[in-house]
Structures are given as structure tokens and as C-alpha cells.
Amino acid sequence: MSDTNATPKLESRVDAADDLLTIQRTHAAPPSTVVIFGASGDLAKRKLIPALYNLVACGQGLMPPESAVLGFARREMSLDDFRSSAKEWTTRFSRLKVDEGCWQNFAQGLDYLSGLDQPDGFTKLKSKLEEIEKARKVPANRIYYLSIPPEAIIDCVQRLAESGLIAPANAPQFTRVVVEKPIGHDLESALEINRTLLKYLNESQIFRIDHYLGKETLQNLLVLRFANNIFERLWGSRNVDHVQITVAEAEGLGTRAMYYEGAGALRDMVQNHILQTLALLAMEPPVSLNASAILEAKLNVLRALKPVQSDPAHPSVVRARYTAGILDGKPVVGYMDEQGIPDNSMTETFVALKTYIDNWRWSGVPFYIRTGKRMTRRASSVFVQFKDVPQILFNQDRSLPANLLTLRIQPDEGFSFDVMAKQPGLNLSLRPVRMNLSYESAFGGGVSPDAYERLLLDVMDGDHTLFPSGNFVEKSWEFVQGVLDLWKDKRRVPMREYPAGSWGPVAAEELIHADGRMWHEP
Ligand code: BG6
């Protein structure tokens, strides 16, 4: 189970002519107006506006030129100010470099409206949309991107419906609503949000977004598992000892204290990104690549997920928050000293847990999960640890490291497989070697589209494959609610601490050491 970082590397090679199957986007998405609710928020700045720019940028042509983007928020702001802020955000965060000519084209379709919190805000929104559609000759295809806190979703959807802003699902022009995670605060609120969404919208009009599903490595998981014969035959309790998922972030709160304090690592990362990753990794082969077949296969994993147990002597869940520490050589403050955090905060910035999938394939295989802010570095990986070879032949005197498949989600997306090999020479000496595939070196180093670009395009196209279903969201909350219920008893699951810049609290190490295993460094 030791890491083999220092071993020689066998680099993989991919020939350009090996492009055997391409499922291509053969058409541009239909023209539409994307309304960003909460347009001055962090997500709009860092992700949504830059992603939309990349979709219309010269040469991409994926979003028709008459399409429009309307920022809708509470704050008063002139259109000029909104456009110049949007340019600044895009220059900072865009994948493609901002080109002046392309920017001018994009900016002409960029509009702003304040009054999201005002009684007549939605009436104004209706007039504004009609005005944009007339001026730009864009059909009334409308996408409402709700980049707002979970507690505001219900009110927002009701107001959209009351203002006549939701067309029926079978209308010639579409209305689609994109809902950001976390959808709800607990199981009860998630159920209520789902009920409200379904009261006013058809499931086909709802896109619950989880940007991890737009990441290359997660998409490649399907290809790795089902376009290769070798892995699927090994995938399950006969051969796999255990699985680890680590999503580590170096970043702290930034300007998001208000949101984060009400969420914490469990709701912010586990309920969505990590359970999605787990489901893709563990699901049975779907009967086809259709959205519904994949969604059903993933849902079955959650149906079999065992609730986390709480045995104080052998805890299966650890929560913690960071204290002051050093990151990248610089001192950083602890969570309790971040701006806007109340003295009685019980919000965790780290969570580690062990769970099982109670089905035929995975029976008895532990899945260890950990995620946190202000950890040593930004690095996320999935590790599939295979079982030891039998204790005969090479494995008699000293235990050999078992095979390890590592799927690197970020950075340096790709995967590696650790195997044992004979070191060249007269002696019989065994060395672990890592077969490594880095997407960047294998596929020419182009920058992959950002997850939000792909997902926004899918919304425009009406493709649900990469979006969690309502059932999945509810099931994932059921699992998370089990953990939240355990946390009500502070003595059973105390709040631990870890210094910023570390891999987490000692208790998380103990959680896995108790099973005779250790965390792999992502
Ligand atoms: C978001 C969370 O959904 O995902 C953030 O709200 C987190 O807290 C982010 O930082 C991580 O995304 P990525 O793509 O940087 O791994």
C-alpha cells in the first residue's frame, strides 16, 4: 500500500490516427437568452460569464451570435459598469484569452437588470426579455440560471411562474431552469425544493447542475470502464481491497464566508461532487449511453449506499476545521478568524468518512472519502486499491505493494496504474513501476473546455446526461442527512482541528489506520 511516486515512469503514447469513435456536436445550440440570477456573485464572475464568453468566442461558434446573456441581481448597476466588470472577470478567469473583437460581439449581447429582490422585479424581467428578444431577433428560448442561495430557490421559481415566465414543456420555445448545488440544506428542504420545482416545471425543463460531471476525468471514467475490457473484469469485491476519494483544496473561504458558514464541507462537497464521483465509479454498466440509463445506473448505487455508522470507539466519520498554518510558505489564518465567522460556529471545513455499497459487486469493500479546505495543495484523485497477491512466490517474505489504479481529477488530469516489475540486472529484484497517462501529454496539451462550458452547452441543447436527476439529489440527501443526524451529538462526533497546509486532522488518519490502511497522497 505504499506510494510509488519515486519509481521510474512508463509513459503512454496515443497516436493521432487512433481517434476511433467521436460523438460529435454536429450543430450549434438553438439561440436563447441566458438569465443569470445572482449575476454579481462569485460563481457568475469566476465561472458563468467566462464560460459563456468562451462559447461565443471567435472560432468556437457553439452558441449562435444572436443569443443573449442577461445578468439579473439585486444591486443597481449601469449597463456599462456591468459590461466592464464582466470583461475584467473574463480576462482573469477565462480559459481563452480575451480577444477585443470577440469581446465586442459578446458584450453586445450582454445586458443587466437590477431589482431581483423588488416586488416588481419579475415584471421588469419579463419586459426586459421581450425587449432583448425583439432587438436581437432571438426566439423566446429562455434559460434561467439560479445562482442564488438554496433558501431563495422556491420563492424565485414561484415568482417566475406567477409572472408568466415559464412556458409549458411542450411549447415551441423552451424554458429551462438551472439549479445550482447545494439543492437544499438538509433532506427536508431538498424534498421541498424538488416538490416546488415539479409543481411549476416538467422534469425535462429542470437542470440540476454539478460541475464535477463536466470535468474531463469524470467523463473519462465511463470510457475507461466501458471501452476497455481489463478494468471492468476486475471491478468489484473479488479484486478490489478498497476505494479512496480525496478532494483536497488549498483555498480557504475567500469572500464566501456567508454561504460557507451555512454549508460546510459535507453539504458543499460530499452531498454532490463526491457522491456523483462515487456513483460513476461504482455503478453497473448502463444499458445504453442514454441519459436515463446512466442516471438510473447511478441512482442504484445510492440506493445501495449504507448509512454511516457511529461507533465512538471506531468512528466512521470525522469532521474538523482548520486552524492557522502555513500554505505555500505564507501564514494563513484559522477558520474561526476568517472574516464573518461567528464565535459559536460549528461549521466543518473538512470531512472524512467510510461507507459501503451494499450490493453484489461491492459487498464488503470500504469506500473512504475525504475533502477539505486549506489542505496541503489542490489535488483530487480516486484510488482503486487492488487486493494483495497471494502470499506465495514473490510475496512470501515481504509484503509487496498491491496494484493501485489512480484517477487524477485535478490538476494534471489523467490516470496511472502501479504494477510490480523486475528491475533489469542479474539479481531478481522487484520494483514498483507506475504506468502513467497524463491527458495533457497524451492528447497534445490543449486546454480542455471548462466544466461549465460543457454543461451550459448541454442545457442549451436540452441534454440531461450530465445532470443529476431529482431522485439522485433526494437519495444523496438521505445519505448526508444520516451524517448530519450523527453530528447533532457533539460528543459522539466532536469537531476536530487541523493546521492549514496539512492533509487533515489526526482523527482522519486514525479512521483509516484502524482498518490497517492509509490514505494515498493525491
Ligand atoms: C464548489 C464548492 O461547488 O466546488 C466550492 O462550492 C469548491 O467550495 C468548488 O471550492 C471546487 O471546485 P473545483 O472545480 O475547483 O474542484
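Bear in mind the structure is a predicted one, so any value in this text is a computation, not a measurement.

> Looking at this structure, I do not really get helix α14 (residues 470-487). What am I missing?
Residues separated by three or four positions in an α-helix point in the same direction, a consequence of the helix having 3.6 residues per turn. Look at α14: 25 Å from first C-alpha to last across 18 residues, which is about the 26 Å you get at 1.5 Å a residue. Among the residues of α14, G470, F472, V473, S476, W477, F479, V480, Q481, V483, L484, L486 and W487 are the ones counted as buried. Structurally, α14 contributes buried residues whose contacts are with α6 (187-200), β7 (206-208), α10 (264-282), α11 (291-304), β9 (317-323) and β12 (350-356).

> What's the story with the packing of helix α1 (residues 42-56) against helix α2 (residues 79-93) in this structure? I'm lost.
A packed helix pair is summarised by two numbers, namely the angle formed by the two axes and the spacing between the axes. One can describe the packing of α1 onto α2 by two numbers: an axis separation of 9 Å at closest approach and a directional angle of 90°. In this view, α1 runs roughly perpendicular relative to α2, as classed from their interaxial angle. Contact with α1, carried on its side by K45, R46, I49, P50 and Y53, involves F82, A86, W89, T90 and F93 of α2 and no other residues of that element. Taken together, the residues that form the contact of α1 with α2 break down as seven nonpolar, one polar and two charged.

> Explain the confidence of the model for the chain here, please?
A low pLDDT score tells you not to read the predicted coordinates there in detail. Of the residues in the chain, 94% reach a pLDDT of 70 or more, and the chain-wide mean stands at 90. Segment residues 1-17: pLDDT under 50, and 37 contacts once partners within four positions in sequence are set aside and those in other chains are kept.

> How should the sheet that holds strand β2 (residues 33-37) be read in this particular structure?
Whenever strands of a sheet pair, they do so through backbone hydrogen bonds, lying parallel or antiparallel. An order of β4-β3-β2-β5-β6-β7 is seen for the six strands of this open sheet, with the pairing classed as parallel. A single partner strand is all that each edge strand has here, and the edge strands are β4 (110-114) and β7. If you compare each strand with its neighbour and ignore which way they point, the axes differ by 20° on average. Note: β2 against strand β5 (residues 142-146), five bridges, orientation parallel. Across the sheet, V34 pairs through a bridge with I143, a residue of β5.

Criteria and thresholds
- Residues numbered from 1 in each chain as written.
- Predicted model: local features only at pLDDT ≥ 70, side-chain atom pairs only at ≥ 80, totals over all residues.
- Heavy atoms only, no water.
- Helix = DSSP H or I, 4+ residues; strand = E, 2+ residues; numbered from the N terminus.
- Expected span 1.5 Å × (residues − 1).
- Buried < 20%, exposed > 50% of the residue type's maximum accessible area, 1.4 Å probe, protein only.
- Contact = heavy atoms within 4.5 Å.
- Axes fitted to C-alpha atoms, helices over the stretch in contact; angles between N-to-C directions.
- Parallel < 35°, antiparallel > 145°, perpendicular 65-115°, else oblique.
- Nonpolar A, V, L, I, M, F, W, Y, C, P; charged D, E, K, R; others polar.
- pLDDT = per-residue confidence, 0-100.
- Pairing = 2+ DSSP bridges.

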